[in-house]
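# What the coordinates show
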Amino acid sequence: MSHSALPVATTHRTAWLRRFSRFCRKQPLGAVALLLLALMLAAAVFGPQLAPHDPLATRFDAVLQSPGAQHWMGTDSYGRDVFSRIVYGTRSALLLGISTALMGACIGGGIGATSAYFGGRVDAAIQRINDILLSIPLIVAALVVVAVLGRREMAGVDVNLMAAITLPYIPVMARVMRSAAMPIRQLPYIEAARALGFSHWRIITRHMLPNLISPWLVMVSAFTAQTILLEASLSFLGVGVHEPTPAWGLMLSSVSVDVFTNAPWVILFPGLAISVTVFSFSLLGDALRDALDPRNHL
Amino acid sequence: MSPSDSSPHPLLKVRDLSVSFASETGDVRAVRGLSYEVRPSEILAIVGESGSGKSVSSLAVMGLLPGNAKINARELVFKGQDLLSITPAAMRALRGREIGMIFQDPVTALNPVLTIGEQITEPLKLHMGMSESQARARAQELLTLVGISDAPSRLDQYPHQFSGGMRQRVMIAIGLSCNPRLLIADEPTTALDVTIQAQILELMQDLCRRLGVALVIITHNLGVVARYADRVLVMYGGRMLECGTTATVLQQPRHLYTAGLLSSVPSLDSPLVGRLAAIEGSPPDPRRWPEGCAFAPRCPHAQSACRGETPVQTTDVGSVSACVRAPEMAAGTLSWTPLHSGRHTVAAPARRAADKGSLVELRDLEKTFSVRRGLWSKTAEVKAVGGVHLSIARGETIGVVGESGCGKSTLGRLLLRLEEPSAGTILFRGQDITHLRDHQLRDFRRQAQVVFQDPFSSLNPRQRISDIISEPMRVHGLVKSRAEAREQTLQLLNLVGLREDHADRFAHQLSGGQRQRIAIARALAMRPDFIVCDEAVSALDVSIQAQVVNLLSDLQQQLHLSYFFIGHDLAVVRQIATRVVVMYLGRIVEVAERDAFYRQPLHPYAQALMSAIPSVSDAAGTRRTLIPIRGEPPSPMAPPSGCAFRTRCPHAMPECAQQVPALREVAPGQQVACLKFA
Amino acid sequence: MITLLVKRSLQFVFTLWAVATLIFFMLRVLPGDPIEFKYLSEGGSVAAEQLQAQKARFGYDRPVHEQYIRWVGGLTRMDLGISVWSENPITEEIRSRFGITFQLAVVALFIGLLLAIPLGVASALTRGTWLDQLIRVSTVSGQSIPSFWMAMLVILALLSTTGWIPSIQEARFTEQPMEYLAQLFFPALVVGWRLSAVNARLLRSSLLDVLGQDYVRTAHAKGVPGSRVIWRHALGNALLPTVTVVGIEFAGLLGGLVVTEQVFNINGIGRLLIQAISYNDLALIQGLVMLFSLIFVTVNFAVDIVYALLDPRVRVH
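Residues numbered from 1 in each chain as written. Chains lettered and ligands numbered in written order. Predicted model: local features only at pLDDT ≥ 70, side-chain atom pairs only at ≥ 80, totals over all residues.

Our next topic: the overall build of chain A. When helices and strands are counted, chain A shows 13 helices and two strands. Expressed along its principal axes, the backbone C-alpha trace of chain A runs to roughly 75 × 50 × 30 Å. Residue burial in chain A is summarised as follows: out of 298 residues, 49% are buried. Put simply, of all contacts in chain A between residues at least 6 apart along the chain, 68% involve residues at least 24 apart. (Helix = DSSP H or I, 4+ residues; strand = E, 2+ residues; numbered from the N terminus. Buried ≥ 20, exposed ≤ 12 C-beta atoms within 10 Å, placed from the backbone. Contact = placed C-beta atoms within 7 Å.)

What follows deals with the overall build of chain B. Summing up its helical and strand segments, chain B has 20 helices and 25 strands in all. Here the C-alpha radius of gyration of chain B, 26 Å, is about what a compact globule of 678 residues would show, namely 26 Å. Taking the principal axes of its C-alpha atoms as reference, chain B extends roughly 75 × 65 × 45 Å. Looking at chain B as a whole, 52% of its 678 residues are labelled buried. Restricting to contacts in chain B with at least 6 residues of sequence separation, those with at least 24 account for 69%. (Rg over C-alpha atoms; globule rule 2.2 N^0.38 Å.)

Our focus in this paragraph is the interface of chain A and chain C. The partner chain C presents 35 residues to the 32 residues of chain A that form the contact. Going through the elements one at a time, α5 (120–134), α6 (138–149), α10 (213–236), α12 (257–262) and α13 (265–292) of chain A are the ones with two or more residues in the side of chain A that touches chain C. The leading source of residues in the side of chain A that touches chain C is α13(A), at eight residues. By residue class, the composition of the side of chain A that touches chain C is 25 nonpolar, six polar and one charged. (Nonpolar A, V, L, I, M, F, W, Y, C, P; charged D, E, K, R; others polar.)

Moving on to the packing of helix α5 (residues 90–125) of chain C against helix α10 (residues 226–264) of chain C. All names here are of chain C. Packing of α5 against α10 brings their axes to within 10 Å, and their N-to-C directions diverge by 140 degrees. Taken together, the axes of α5 and α10 lie oblique to each other. Here α5 and α10 pass one another in a crossing that is right-handed. Here T101, L104, A105, A108, L109 and L125 of α5 lie close against α10, whose contacting residues are I230, L253 and L257. Considering only residue class, the contact of α5 with α10 consists of eight nonpolar, one polar and no charged. (Axes fitted to C-alpha atoms, helices over the stretch in contact; angles between N-to-C directions. Parallel < 35°, antiparallel > 145°, perpendicular 65-115°, else oblique. Left-handed = near helix turned anticlockwise from the far one by under 90°.)

Our next topic: the interface of chain C and chain B. Contacts between the two partners involve 23 residues from chain C, matched on the other side by 27 residues from chain B. Among the secondary structure elements, those contributing two or more residues to the side of chain C that touches chain B are α9 (214–221), α10, α12 (282–310) and α13 (312–315) of chain C. Ranked by residue count, the leading element in the side of chain C that touches chain B is α9(C), at six residues. Among the residues forming the side of chain C that touches chain B, the class breakdown is nine nonpolar, eight polar and six charged.

Time to look at helix α3 (residues 116–127) of chain B. The end-to-end C-alpha distance of α3(B), which contains 12 residues, comes to 18 Å, matching closely the 16 Å that a straight helix rising 1.5 Å per residue would cover. Of all the residues in α3(B), the buried ones are I116(B), G117(B), Q119(B), I120(B), T121(B), E122(B), P123(B), L124(B), L126(B) and H127(B). (Expected span 1.5 Å × (residues − 1).)

Bringing the confidence of the model for chain B into the picture now. Residue and element names in this part refer to chain B. Here chain B shows a mean pLDDT of 89. Residues at 70 or above account for 95%. Taken as a whole, residues 1–5 scores under 50 in pLDDT and shows 10 contacts with residues more than four places along the chain or in a different chain. Across the assembled chains, the prediction reports ipTM 0.85 with pTM 0.87. (pLDDT = per-residue confidence, 0-100.)

Attention now goes to the sheet that holds strand β21 (residues 562–567) of chain B. Residue and element names in this part refer to chain B. The sheet built from eight strands is open, its strands ordered β19-β20-β21-β16-β22-β23-β25-β24 with mixed pairing. Each having just a single partner strand, β19 (448–451) and β24 (664–667) make up the two edges of the open sheet. Neighbour to neighbour, the strand axes of the sheet diverge by 25 degrees on average, direction disregarded. Strand direction decides the pairing type here: β19 and strand β20 (residues 530–534), joined by four bridges, are parallel. Across the sheet, residue A448 finds its bridge partner in β20, namely F530. Its contacts with the sheet put helix α16 (residues 512–524) on β19 and β20, and the angle it makes with β19 is roughly 175 degrees. (Pairing = 2+ DSSP bridges.)

A few words on the sheet that holds strand β13 (residues 320–321) of chain B. Sheet strands associate in pairs through backbone hydrogen bonding, adopting either a parallel or an antiparallel arrangement. All names here are of chain B. Strand order across the open sheet formed by eight strands is β7-β8-β9-β3-β10-β11-β13-β12, with mixed pairing between neighbours. With one partner strand each, in any of the chains shown, β7 (99–102) and β12 (313–314) form the two edges of the open sheet. Where strand β11 (residues 239–245) meets β13, two bridges bridge the pair, whose relative direction is antiparallel. Counterpart to C243 in the pairing with β13 is V320.

Residues and elements named next belong to chain A. Looking at chain A, pLDDT values average 85 and 94% of them are 70 or higher. The lowest-confidence element of chain A is strand β1 (residues 153–154), averaging 74 in pLDDT; the highest-confidence one is helix α9 (residues 200–208), averaging 94. Across residues 1–9, confidence stays below pLDDT 50; counting only partners more than four residues off in sequence or on other chains, it has 12 contacts.

Residue and element names in this part refer to chain B. Relative to the helices and strands, G513 resides in helix α16. For G513, a count of 22 C-beta atoms within 10 Å puts it in the buried group. As for G513 and A247, which are separated by 266 residues in sequence, their C-alpha atoms are 30 Å apart. Leave out the neighbours within four places in its chain, and G513 touches S282, L540, I544, Q547 and V548.

All names here are of chain C. Interhelical geometry of α5 versus helix α6 (residues 130–144) gives an angle of 140 degrees and a closest axis separation of 8 Å. Here α5 lies oblique to α6, going by the angle between them. Both α5 and α6 take part in a crossing whose hand is left-handed. Contacts from L119, A122 and S123 of α5 reach α6 at L131, D132, I135, R136 and T139. Residue classes in the contact of α5 with α6 are distributed as four nonpolar, two polar and two charged.

With that settled, consider α9(A). When α9(A) is considered as a whole, its buried residues turn out to be I203(A), I204(A), H207(A) and M208(A). Mapping the buried residues of α9(A) onto a view down its axis gives an arc of 115 degrees, with all of them on the same face. (Arc of directions from axis to C-beta.)

Residue and element names in this part refer to chain A. Of note, S66 is situated in the loop between α3 (47–50) and α4 (82–118). Between the alpha carbons of S66 and T90 there is a distance of 22 Å; along the sequence they are 24 residues apart. Not counting residues within four places of it along the chain, the set of residues in contact with S66 comprises G74 and W265.

Here's what the structure looks like:
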C-alpha cells in the first residue's frame, strides 16, 4: 500500500508489455502453453499452406502406410495423409472449442452474475432451475441435444453441433460465475452503488462484471479444454463432426482393434493432438488463475 | 543499552533485531534495529500503527515467520537460551511450552474440525507427556480458570459452538496450558466487542499476575496500554521510538510521535476541543523508509538533525527515547502543536431557528430477517431492529453506539432504504419513504448518502477516482457536460483535502486515509443533506482517524450536513456527535444530549459500556471503576423476554422479564428505556 | 433433523420429476417418431396401416399430453415402456446391462480417490519444487487425455505386451475373482483416471489454502511438529472440498463410462445409450437419460450426507 506519489503507469502499451513479460517469467508453464496455442493457431489459419497433402484426398494404393518421408505421420485406412488431416483438424477443434466456450461463458456468466446480484428469491429460483439442468450429466445432455437437433450447416459450420456443445455448459458456467460473483456482491462498493441510486443494469455491467474479468478468463480457458474434449468425444461417437471434414475425434472413431494394433500411428497422432491442445488450455487456465490471484499482488 | 532500561535477569532480551522479507522488488525491511527486554511477570505493551513492525517482531521471536523472512540480531535470548542458533526442534519445544502466543482473530484461530478438547490437550500431551486422561483433567481446569463454565461437556464441543469471546478464552487456556513464562498476545481483543474486550483483558491481567507469567500485549489502542500495561514500547517505522513505564510515557512523553498520538486520540473525559490535534500524512511505506527518523516527514517540529542518526537516549523521567528533541520536551520548551489546531472548544450546536421540523423521523421501525443456517437447519427469524422511535433534526449528528448484533448498522441501512422495513415508518423531510420505489427512490437517494467502514473495499478497484466521484452526478443528470463533471470533481477533491492529480489514479494507489476521503467526496457528489457514516473511521490507523474526524466536522459546518454516525468507539463519537443513541439487541436503550450523556449515562448498559472502554487517563491512576458485565450478549435469534439486557444487568429485577421497557424522558434531553426509571 | 431429511427427499423427487418433464419435451422437438425411423429410414417402405398399427402398439399415435402422463406414471412404477428397436421392455434392457456398468463405476471411483490423495498431498507439500511441477504436469495431462483415446492406448499396450485384452463377459466374480478383477481393472482405470487427476489438483490447492489459515499458525505456535500439523490439522479440512467435487465430477465419470464401454466393447448402459441414439429410439433414450440423471442426483445427495457427517459445522448445531 503506497501513500506517496506513485508514478501513474507510463503508457498503456508498455504497461501491457511489462505485465506480459512478468507473466511469462512467473508462470513458465503458462508461457509454454501460450506458445503451443500460438502454434496451433498458426496451423489453423495457415492450414492450406502447411499441409503437404490434401486432407480429403483418398488414395487406395497408399492405405495405412507407416510414417515416412512422403507422409510424416503415415496414412489412414483410406490412404489419406494423417499429418495434413491433423493440421486441418486444428480448425474445427479450435473453432468449435473456443466459440462454444466463449458463448457459454458469456451467457452463463451473465446469468450467474445476475443471479448473485439479485440474491433472495430470484437467486433461489435460478439456482433451482440450474440444479435441474445440471442433473443431467454433461455428455448425456450433449448427446440428447445432438440427437434432437440433428445436423445443420451454416457457412460451413455445424451450428447445431455448436449448440449441442454450448448448451450443457451454460448451467455449469453460471454456477462458477455465481460463486465468483457472490463475494463481490457483498462488497461495500456495490452497496455504495446501490445507495447512489444506480440502476441494477448499471451496477451489474459497470461495477460487477469488470471486476469479474479475472475469474471469467480463467473459466474460459479451463472450459475451452473441456469443450474441445466434448467435441472430440462426440465426433468419436459419430454424432459430432461428420465425414469428410477432418476432425481429431472423428479420426479415432470406428478404428477397429486390428487396424490400430497394426498401424498405431492412426490413433496415436490424432489422440496426441487432442491431448496437447486440451493440455495447453488447461495449463493456460492454471497459469492465469495463479497470475490473477489478488493475493499474489502487493 | 541504557542502564535504566535493563534489569538483572530479563526473561527475553532482544538487541538490534532486524527482519526483512525477500520480495520481487527487493528486500522489504519490516523491523530495523529493535532492542527491548521483557522482565519476568511484567506486562509490556508494544504499541504501533500499521507498518510499525510490532507483529513481525514478535513472530520473529517465536520463529513463526514465513520462509522468505531474514532475521538478524545481535542478541535474541530467552531465559538464557540463544534463539538465534537454536535448532528448529528445540524451538518447537520452546513454543507452546515456555512461550505461548495468542492471535487476533479468535474465529479463525481454532481448527473447525477438531474439538476444543483435542486442541487444548494437544500441547499438554506433546510438551508435558501427559496421558489422555491427565491432559483432559488439566484441560478442564484450564477452561474453568479462563471462566468457561460447564467445562467437561464443553471439551467435546467444536469451535463454531463458541462465541468470539469464548474462543479467545480458549486461546488463552491453550496459551497458558503448559505454564509458560511468557505469553505474547497480538491484538487479542481488537476483533471483540468492547464489553467482551474488557472481560478478556481483565482475565489476562489477572491470570498473568497470579501465575507469574510475563505478558506482552501488542496493540494500537493507547487506552488498553494505559489501563493494563506496566511498561510500554512505542514502535514506528520498524523501530522503537520510546519506551518506559506506562505512567511516564503516557503522561510525560519524550518523543514527538508519542505526544502527537496522545493529542490526536479522542478521549472520554478531558475537555472537548473543536478539532483534534491530528498528525498529518500517513505512516510510511515499508518499501521506502525515509532517511533518519521515520516520523520526521510527518513531524511539524522536524529539524535537519532528524534526517541523520537518531540514537536512543535516556530521558529525564527515566524512559528512553529516540527523539533528537527530547531534551527540549523535557525542558518544557517544546510540545506537540500540529499545523492546524483549532483551539476553540465546541459547544453542542444550538438548534438553528430555521431548522423547523425534523429531517428524519422514525416511528416504530422494525426489521426482521429470515436466516437459514446451512442446508440442514431450519430458517430462523432474527429481529435486527425493533420499536425504534427517533427523530433527527437538520445539522445534528446522531452518534449511534452499541456492540455487534445491536442493530445499528441495520438501522443505518434502513435509513438509506438499502433495506425495506418490516414494519413502521420512515419520514424524510416529511415524505414517507418507507416503501418508495424506482424513480422516487432515486430522487431520495440524492439527498441521503453513506460512507462505509472499509476504505479498501468501498471503492471500485477498476474505476478511476474521477469516475467514482463523477458517476453519480452524471447518472442523476446533475451535470450537463464532461467538463462540468470534471470541474465539480476537482472541487470535491479539494474540499476533502486531496490534490487534483489524484483524480486520474486508481484506488489501490492511495492510502487508507486517502481512500476514505474519496468515499466522502463521492458521498458529497450530489450535495446530500444527510450522510450515514457506518463505522467510517473504525478501520483507519489512529493517527489517520483524527484527520478524518476533523474533516467530517469541517464539512458539517461548511455544508450544513446531518450525520448518522455509527461507531463503537465512544470517545470518537463524543468528538463528533451532538446526541448519542445507545442500542442493545435491536432496541434503543438510551438517547441523550452529548454532554449529559458523557457526564453520566443512565442506562445500566450504557454505564457498563462507558466503564469498559479503557482510556489514556487510566494511566494517571484515576482509574474509573470497571462495571463488570457478566456473560455474553444473547443470541439475536433467541432474545430474552422483556428487557433484553436483563440477563447481564447488575440491577435486574423480576419485573424486567415481563415487559419491554419503553423509552421515556427522565431528565431534560435524556431518554432511557429501563424499568428502574419507571 | 427428520423434518429436514423429509424436505430434502421431497426436493429430490421434485428434481427428478422436473428432469423427466424436461427430457420428455426436449425429445419431442424432433419431427417424426421412432416408428417411422425404424421402418422408413434407409429407404424402406411399409404399408400405411402397418405403420399405424405399430404406432398404436407403442403408443406414438396418442396426443402428446397423454404420452406425457403415461411416461411420468410409468416412471413411478418403474415401467419405462417398450423399446421400438428391440421390442423388449426397456426395464429389461437396462437390467441386463446395469450390473456391469455399476461395478465399473464403483471400481473407477475407488481408483479415482485412492490415487489422488498421495499425489495431491505430495504436490502441495513440495510446492515449487520439481516434484510438484512433475505432479502438476501429470495431473493436467491426466485430465487432458480423452478417455476413449486412453482406452485405445491401454488396449494397444496390453495387446503388444501380453497379447490379451479384457473381456468382461468371460469371467464371473464368484468363480474367478482375480480374473474378473483383472478384466474390470483396466476399463475402470481409464474411467477413474480423470477423476483422480481432478481430485489430486483440487486437493493440492485445497491443502495449500488450508496451510495458510490461522488455525495452522496456531498449531505451529503450540509447537506441534510439522508432520502432525499436516496430517492431523490440515488434511481433515483440506479433504472437505474434495468430497463435494466428487459429486460434481461424477458427471465426467459417467461420460467416461459411455465412451470407455464403447471402446472396450462392454455391454453396459453407456453403450446402450449410444445405440439408442443411433436408432432414434425415443423411449429408450428417455429411460436411459432418466436413469443417468437419477444416478447423478443420488450420488450428489449421498455426497451431501457424507459432507454433513464429516464437517462438524454442518453436523452439530
